[in-house]
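# Descriptive analysis of the structure
Single-letter residue listing:
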Amino acid sequence: MFHRKPLEERIAERVAKRPPLKEGKHFEHRPALIVFCVVIALVALKIVGAFALMKWGVK
């Protein structure tokens, strides 16, 4: 349709153009790092909040 290459071929060409992955780098994509940090921060905040509620008690 419209003389375009199939989606699989276009994706394969884009992947082939990418530079090789760097050793020791865990997050290649910035959004993945941001989501990871936000999730860790929320979990830590919940744990600290739970301990605060246990210490002061819920009235």
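The structure displayed is predicted, hence computed values, not measured ones.

This next bit is on the overall build of the protein chain. On a plain count of helices and strands, the protein chain comes out with two helices and zero strands. Per-residue burial over the protein chain gives 0% buried out of 59 residues. Carbon and sulfur atoms form 69% of the exposed surface of the protein chain, whose accessible area is close to 6300 Å².

A word on a nonpolar patch on the surface. A contiguous nonpolar surface patch, about 600 Å² in accessible area, is contributed by Val35, Val39, Val43, Ile47, Phe51 and Met54. Relative to the helices and strands, valine 39 is located in helix 2 (residues 30–56). With relative accessibility at 43%, the residue valine 39 sits in the partly exposed group.

A few words on the pattern of salt bridges. With the rule as written, the count across this model stands at one salt bridge. When the shortest N-O distance is used, the salt bridge between lysine 5 and glutamate 13 registers 2.4 Å. Classification of lysine 5 as partly exposed rests on a relative accessible area of 41%. On the accessibility criterion, glutamate 13 (35% relative accessible area) is partly exposed.

This paragraph deals with helix 2. Taking 1.5 Å per residue, 27 residues should reach 39 Å; helix 2 reaches 39 Å between its end C-alpha atoms and fits that length. In the stretch just after helix 2, glycine 57 is the one whose phi turns positive, near 75°.

Rules behind the numbers
- Residues numbered from 1 in each chain as written.
- Predicted model: local features only at pLDDT ≥ 70, side-chain atom pairs only at ≥ 80, totals over all residues.
- Heavy atoms only, no water.
- Helix = DSSP H or I, 4+ residues; strand = E, 2+ residues; numbered from the N terminus.
- Buried < 20%, exposed > 50% of the residue type's maximum accessible area, 1.4 Å probe, protein only.
- Areas by Shrake-Rupley, 256 points an atom, 1.4 Å probe, with all protein chains shown as cover.
- Patch = residues over 30% accessible without salt bridge, like charges linked within 9 Å, V, L, I, M, F, W, Y side chains within 5 Å.
- Salt bridge = Lys/Arg side-chain N within 4 Å of Asp/Glu carboxyl O.
- Expected span 1.5 Å × (residues − 1).

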